[in-house]
Amino acid sequence: MEEAKEGLSIKGTAERLTLGIIRILENMPGVVDVRFAEREPAEKRRLLSWEQKNTCILPEDLRDFYQTTDGFTLTWSIKLDNEFIPLGCMKINSVAMLCPLLQPVSLYSLPNAPSLVDLDWEETNTQTGKTSAQVPAEPHFDSRSRIFELDSCGGNGKVCLVYKNCTPGVVAQQSEIWFLDRSLCWHFLTTSFTSYYRLMVTHLGLPEWQYSFTPYGPSPQAKQWASLYQPLTFTCEADAPAEAHLNKLDPTKAFRGKAKVTVAKKNQSTQSSVGSAAKGGAGKATGAKR
């Protein structure tokens, strides 16, 4: 009996984390082998250790996510001519894999070898046609930014957790989610991890979906897959803001939300009781007037 309850609990957690996308994928024509890797929550001491080591404060929604599951991996394939072909991949690195993009220079590297810092420039040319008021300032490859890899995107780029305007020795607190393409150009995605998580699920982890938020877009083959498995989002305007493509997600319910949901339900019940009392009082007053 206890094993059955535990199984239902695990299933409920998986359903909450995936927002029901597993059932949607399994009902799509040609989709096979939908796999969700279940992981234990990250320990609080590991999160604190990461913050102390990197001199950064994790965003609250990302912290709640890691306290629910230490990373996220959901993959699915399609069947073509009796052969399984991997297609979709949704991934969030674990705390241990949330590593700095700019690694320290090795003692064994060539003295004059170029680094990412050498590629840094002041001009912003990736967000064509958009003003500085619409797009935040791009990150830098030097000490002004602290950049951590959330997803390697299968070699098609990197989704990064970025802290900008950093000062050496000072704890960074404000973060954003950016996409670094294969040409090492930055593209802004969202201001919060929750918004990025919704984008990832909405796009079903299709190949190169992050390039939908670049001026040049995905490759022709990636567009074909998107038009087949994600026609609604694919037909949206390319220059629409990221929030226009999002589905509704309450992080208090999806990420470590048990205690928070209980408080919310209590508040709702209190408001409903107050509302019913007010309606009852109004009804009595109406009856008295009559």
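Going by the structure above, here's the rest.
Structural notes, computed from the coordinates. The structure displayed is predicted, hence computed values, not measured ones. (Residues numbered from 1 in each chain as written. Predicted model: local features only at pLDDT ≥ 70, side-chain atom pairs only at ≥ 80, totals over all residues. Heavy atoms only, no water.)

### A short note on the pattern of salt bridges
Per the stated rule, a full pass over the model turns up seven salt bridges. Its salt-bridge partner being Asp70, residue Arg46 comes within 3.2 Å of it at the nearest N-O pair. One end of the pair, Arg46, is in helix α3 (residues 44–54); the other, Asp70, is in the loop between α4 (60–66) and β2 (72–80), and 24 residues separate them in sequence. Asp70 gets classed as buried once you look at its relative accessible area, which sits at 11%. Residues Asp142 and Arg144 are paired through a salt bridge, measuring 2.8 Å at the closest nitrogen-oxygen approach. Assessed through its relative accessible area of 32%, Arg144 is described here as partly exposed. (Salt bridge = Lys/Arg side-chain N within 4 Å of Asp/Glu carboxyl O. Helix = DSSP H or I, 4+ residues; strand = E, 2+ residues; numbered from the N terminus. Buried < 20%, exposed > 50% of the residue type's maximum accessible area, 1.4 Å probe, protein only.)

### Details of the sheet that holds strand β3 (residues 83–92)
Spatially, β1-β2-β3 is the arrangement adopted by the three strands of the open sheet, whose pairing is antiparallel. Across the chains shown, the open sheet's two edge strands, defined by having one partner strand only, are β1 (31–36) and β3. The average undirected angle you get between the axes of adjacent strands in this sheet is 15°. Examined bridge by bridge, β2 and β3 share nine bridges and lie antiparallel to one another. Paired with Leu80 across the two strands is Glu83, which belongs to β3. Of the strands in this sheet, β2 and β3 touch helix α5 (residues 193–202), which is tilted by about 170° from β3. Its contacts with the sheet put helix α6 (residues 220–229) on β1, β2 and β3, and the angle it makes with β2 is roughly 90°. (Pairing = 2+ DSSP bridges. Axes fitted to C-alpha atoms, helices over the stretch in contact; angles between N-to-C directions. Contact = heavy atoms within 4.5 Å.)

### Remarks on unusual backbone geometry
Here the phi dihedral of Asp81 falls at roughly 55°; this positive angle occurs in a residue that is not glycine. Tracing the backbone through its elements, the reader meets Asp81 in the loop between β2 and β3. Accessibility expressed as a relative area gives 77% for Asp81, which makes it exposed.

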